[in-house]
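# Structural overview
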Amino acid sequence: MLCLKRLKNILLSNNVYLVLILLVISFWLISLNNIIEIIIIFGLLIFFSYFIIKYNIYYFLIYLALIILVIINLLFNNYFYNKEINTHKQNNYFIEERCQVINVCNINNYQKIEIKINKYYYYFYLFDEEINSSIKPGTIINIKGFLELPSENELDGCFNYKEYLYYDKIIGTIEIEDYTIINYVFHYNLLSYYIGEYYDLFFDDLSSSYLKALILGEKTSLDNSLKDNINSIGISHLFVVSGLHVSIIVLIISFICSKFKVNKSLEQILTIIILFIYLIITSFLISVIRVFLSQILKFLNKSLKLSAFNLFSINVIIVMILFPLKVFSLSFILSYLISGMIILSKKILMNKSYIKQMLLISLISTLVTLPLVVNINGSINILSIFYNLLYIPLVTYIILPFSIIVSFIPILSFLYQYVIIIFNYLINLNAFIKVGNLIFPSFNTIISLIYYIFLYLILNKLEIKKLFNNKRLIILFSIFLLLFKNINFLNLNIEISFLNVGLGDSTLIIYPNNTLNILIDTGEEEEILTYLKKRGISRIDYLIISHGDSDHMGQLVNIVKELKVKNIVISKYDYNTVKVINSLFIKPNVIIIKELGIYNLKEVSINVISPIKNYNNTNDNSLVFIMNIDNFKILFTGDISSIVEKEIINKYKINVDILKVAHHGSKYSSCIEFINNVNFKIGIAMNGYDNQFGFPSSEVIERFKGYTLLNTLDFKTITFKKGIFEEKFYLKLKKT
């Protein structure tokens, strides 16, 4: 009884945040896989535990009990998740099951359908004429197909799809062979599904996509370019169902209750019931769970009298215990981090005008989320601090209230459409301005820790109004950010990386001290741009395009838009790339290779040996050259066929260290004569983990017998490095 009484006193005290601190550090520790980072964060945990034990051991004992519960929960989740995958492995990934449809997203020319088998979730897709409007949440179907497991991030630092699905208890995607609809049962997601259908019926596509995002928290209907623009100007938080939405709902309920003279207790009960219904409609989004719990705790706090931050701490702890996997999701981290910091900044915001408050909230939110945003996008728009001064009032007082009103009065859709068109135009216009877009390398644990220590000290000084009396702190923080942003100037290696892009080729060459960056081809998928940003690369000195197929130059436009590209190097027969370059708003210097021979690209030289004529074939018109990087020679072959290969060996005697295998290892390239006549040490086939053609072909693998052949399918990114004090390049491999 004494222990229970002590526990009650602790929970009702204003120091619950002490338990939260230990839990946050513990979750951070669990998420790490680097031994040095684990040691540092474990040391941090010991440090805080020591002081909390000295202050009151009961706080530590509560933490200990909670973290044991969390770890047991996580271990069970991991065990049963892997058990489910192993069961599928034993069946050769073939699935034939009765299942229930959980959610359906209708997106342009395809349907994304989420189903539940046993305790876990799966996706399958229906395209074009396969789309079935009869499938909706609650549909019971028999499904037959093969499971495709998600891949990890193929390029370092890029989006880890496997991890993302794991945190949502999703096993993977099923390639459908056949399915049969059996019957229909009720599922709570039918509410959001029918509301989405209602929006599609009464509103134009753009308005409907905005309504789904703002009211339902469902952003899949938003155009990808619009989502990119929203992220680039730093207003994505306005498209998350959050406290703003709930505040408007609560105000509406309060207004109606006051008109009908409903007493406050009943009003609060009605508010909680309606918010719970909204929680169901939004499919239990973590941001809505946060706000829903916040309302319940506010209701209970009339008698408890806890501080705002301790209520917030209890809110976080409840979610950590009930949904431990959600804690690792970025939506959880961003939602709670911003709301927590605004609560902690209460003294800073006191006695400030509305404009100053908005500016400070925007500044604090930007600073506190900077490492996370950079780790997602590879960059941050510093102008978002000022953009929020425009967009927060716009969304708060016009867009969101109008969205709620028009949801009930669709006759106003024509007016809503014009408002959204103007709002959309404004977003696209601001996104076009790249002045404030700062590229940072990814923040690792150590850098993040230093950053947040600086931020804590700055906010603390700001709170006691002594920040500007301590200019050294601001100067040190600025120097730290400046050094980190330009960390490539401290690089002491020449690095050649054959990148494992989803489709196509892309090779990155970087020189010490950020003196030279060369990119050969871009691949087809957007992750190459994210990868470059997360490496802290904001400038490409030479972008060499071998030929104009999309799997080699598909990201040229995006790279030129987002990075500073000084020169583009192309063949005179590459008409496709010329068209793309001519369409660019900002055109870099274009070097057209008109003659064979040696070209100097600063410290690097290329000896162009093909095309010798116009083959009237995009692949055979590929730029073929020997690149000399500090006496390390690489033959780049683009996508040439054996016809061009034979012409090359008839004209040249080639000695190189690396042969970049032509056309990803297609059987129509890499003829045996070419392989035997080119003197090389290692062949590298860049297949693309998403290639649909089974590259490298079995015939090419057979032809390379007796030679060293590496491919990105097996080793992901293949890297050669040489330090400024080293004589030779060394090979760095990562076996999958």
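Since this is a predicted model, take the numbers as computed values, not measurements. (Residues numbered from 1 in each chain as written. Predicted model: local features only at pLDDT ≥ 70, side-chain atom pairs only at ≥ 80, totals over all residues. Heavy atoms only, no water.)

### Structural notes on unusual backbone geometry
The criterion, for reference: Helix numbering and strand numbering both begin at the N terminus, where a helix is a DSSP run of H or I of at least 4 residues and a strand a DSSP run of E of at least 2. Each residue gets one of three labels from its accessible area relative to the maximum for its type: buried under 20%, exposed over 50%, partly exposed in between, using a 1.4 Å probe on protein chains only.
Look at the link from Ser610 to Pro611: it is a cis peptide, with omega at 15 degrees. For Pro611, the location among the structural elements is in the loop between strand 15 (604–610) and strand 16 (624–629). Despite not being glycine, Asn616 has its phi angle at roughly 55 degrees, a positive value. Mapped onto the elements, Asn616 comes out in the loop between strand 15 and strand 16. Taking relative accessible area as the criterion, Asn616 reaches 70% and is therefore assigned exposed. Residues other than glycine seldom take positive phi values, yet Asp630 does so here, at roughly 55 degrees. Mapped onto the elements, Asp630 comes out in the loop between strand 16 and strand 17 (632–636). Look at Asp630 and you get partly exposed, because its relative accessible area is 36%.

### A short note on the packing of aromatic side chains
To describe a pair of aromatic rings, you give the distance between the ring centres and the angle between the ring planes. Going by this rule: For Phe, Tyr and Trp, rings pair up if their centres lie within 6.5 Å, where Trp contributes its six-membered ring, and each pair is then called stacked (planes under 30 degrees apart), edge-to-face (over 60) or tilted (otherwise).
As enumerated under the stated definition, the model contains 54 aromatic pairs in all. Ring centres 5.8 Å apart and planes at 75 degrees place the aromatic pair Tyr81 and Tyr120 in the edge-to-face group. Placement of Tyr81 in helix 4 (residues 57–90) and of Tyr120 in strand 3 (residues 120–127) is noted, with a sequence separation of 39 residues between them. Accessibility assignment for this pair places Tyr81 and Tyr120 in one class, buried. A centroid spacing of 4.6 Å and a plane angle of 40 degrees characterise the contact between Phe332 and Tyr336, whose relative ring orientation is tilted. Of this pair, Phe332 and Tyr336 both sit in helix 13 (residues 330–344), separated by four residues, roughly a single helical turn.

### Topic: helix 20 (residues 527–534)
Which entries qualify depends on this criterion: Contact definition: two residues touch when any of their heavy atoms are within 4.5 Å.
Within helix 20, seven of the eight residues are buried, which leaves the element mostly enclosed by the surrounding structure. When we look at burial in helix 20, the residues that qualify are Glu527, Ile528, Leu529, Tyr531, Leu532, Lys533 and Lys534. Of the surrounding elements, those touching the buried residues of helix 20 are helix 15 (354–377), strand 6 (379–381), strand 7 (437–439), strand 9 (507–510), strand 10 (517–520) and helix 22 (556–562). Of the residues flanking the end of helix 20, it is Gly536, one or two places downstream, whose phi is positive at about 80 degrees.

### A word on the nonpolar core
As a reminder of what qualifies: To form a nonpolar core, buried Ala, Val, Leu, Ile, Met, Phe, Trp, Tyr and Cys residues must be joined to one another through side-chain atoms within 4.5 Å.
In terms of nonpolar packing, the biggest core is built from 75 residues, with Ile115, Tyr122 and Ile174 touching the most fellow members. Ranked by size, the runner-up nonpolar core spans 33 residues in total, among them Ala213, Val395, Val406 and Ile427.

### Comments concerning the sheet that holds strand 8 (residues 493–498)
Defined as follows: Two strands qualify as a pair provided that DSSP identifies no fewer than 2 bridges between them. Every angle, taken between N-to-C directions, lies between 0 and 180 degrees, and every axis is a line fitted to C-alpha atoms, over only the stretch in contact when it is a helix.
Strand order in the open sheet made by the eight strands is 13-12-11-10-9-8-21-22, with mixed pairing throughout. At either end of the open sheet lies a strand with only one pairing partner, and these are strand 13 (589–593) and strand 22 (730–732). Adjacent strand axes in the sheet meet at a mean angle of 20 degrees, parallel and antiparallel pairs treated alike. In this sheet, strand 11 (residues 539–544) lies alongside strand 10 in parallel orientation, the contact comprising three bridges.

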